[in-house]
Amino acid sequence: MASGLTHIFTAVALGKTYTGEKMPPRFWVLAAVCAVLPDLDVLGFHYGIKYADLFGHRGFTHSLLFALLLSLAVVTTAFRMAPALSKTWWGLAGFFFTVTASHGVLDAMTDKGYGIAFFLPFDSTRYFLPWRPIYASPMRISRFFSQAGLEIVAGEVLWIWAPLTLVAASAWLYRRKKRSCP
Ligand SMILES: [Zn+2]
């Protein structure tokens, strides 16, 4: 996995790219939850579920179908004021889908572990992106505070935080320009 903090940072950056409006706290909280929730599958290790299984690590909870189901659940339960299938509804559903799916995409850029089963349950192939600059984050937090931990953080800041900040800042600038010259 990429680190939990990086998944949350990604959710915030995507949120800032998605909208310049003041959003309710639940929007940000749910975005962060969607970004980290796929890693709930690590609990399976304690119950004898193997890495390569359907519900193993980087399995179903990292798939696009899971992202779709989770985004629909979030929008229909937490954003009831958005009429179903309205423009706002599609926008929110698309946003929460993107945030959840971003988790698998970032994991697919890490250098260790199995790939991501993006297309479960239809295809169990584990995929990596062709470009994998991120060091996989250790599962034990104690190992995170070490030389290797520092290298992981530096890599994530360079390859994920910096580009996402640039994207969010560009969206902000674009909106500002659009407002000043309608
Ligand atoms: Zn993960």
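Model, not experiment: these values are computed from the prediction.

**Q** Hey, could you run me through the overall build of the protein chain in this one?
**A** The number of helices and strands found in the protein chain is six helices and zero strands. Shown N-terminal to C-terminal, the secondary structure of the protein chain runs as helices and strands in the order α-α-α-α-α-α. On C-alpha atoms alone, the protein chain measures out to a radius of gyration of 17 Å, which is about the 16 Å that the 2.2 N^0.38 rule sets for 182 residues. By its C-alpha atoms, the protein chain is 55 × 35 × 30 Å across when sized along the principal axes. Within the protein chain, the proportion of its 182 residues that are buried is 32%. Considering only intrachain contacts with a sequence separation of at least 6, the fraction spanning at least 24 residues in the protein chain is 62%.

**Q** How should I be thinking about the nonpolar core in this particular structure?
**A** Grouped together as the largest cluster of nonpolar side chains are 33 residues, with contacts concentrated most on A31, C34, F96 and V99. Tallying contributions element by element places helix α4 (residues 87-107) first for this core, with eight residues.

**Q** Is there a simple way to explain helix α6 (residues 147-180) in this structure?
**A** Think of an α-helix as turning once every 3.6 residues; residues three or four places apart then point the same way. Taking 1.5 Å of rise per residue, 34 residues should cover 50 Å, and α6 covers 47 Å from first to last C-alpha, within 8% of that figure. Along α6, the sharpest change in direction is near 40° and occurs at V157. Here α6 has its buried residues at I152, E156, I160 and L164. For α6, the secondary structure elements touched by its buried residues are α1 (4-18) and α4.

**Q** Help me out: how do you make sense of unusual backbone geometry in this one?
**A** With glycine set apart, most residues show a phi of negative sign, and most peptide bonds adopt trans. Along the chain, L120 connects to P121 via a cis peptide bond; the corresponding omega equals 0°. Within the secondary structure, P121 sits in the loop between α4 and α5 (141-144). Here the phi dihedral of R58 falls at roughly 65°; this positive angle occurs in a residue that is not glycine. Note that R58 resides in the loop between α2 (25-36) and α3 (64-78). Among the residues examined, R58 registers 28 C-beta atoms within 10 Å and is labelled buried. Positioned with a positive phi, L85 is a non-glycine residue whose angle comes to about 65°. Relative to the helices and strands, L85 resides in the loop between α3 and α4. By the C-beta count within 10 Å, which is 9 here, L85 ends up exposed.

Cut-offs used in this document
Residues numbered from 1 in each chain as written. Predicted model: local features only at pLDDT ≥ 70, side-chain atom pairs only at ≥ 80, totals over all residues. Helix = DSSP H or I, 4+ residues; strand = E, 2+ residues; numbered from the N terminus. Rg over C-alpha atoms; globule rule 2.2 N^0.38 Å. Buried ≥ 20, exposed ≤ 12 C-beta atoms within 10 Å, placed from the backbone. Contact = placed C-beta atoms within 7 Å. Core = buried A, V, L, I, M, F, W, Y, C linked by C-beta atoms within 7 Å. Expected span 1.5 Å × (residues − 1). Bend = angle between axes of the 7 residues up to and from the residue.

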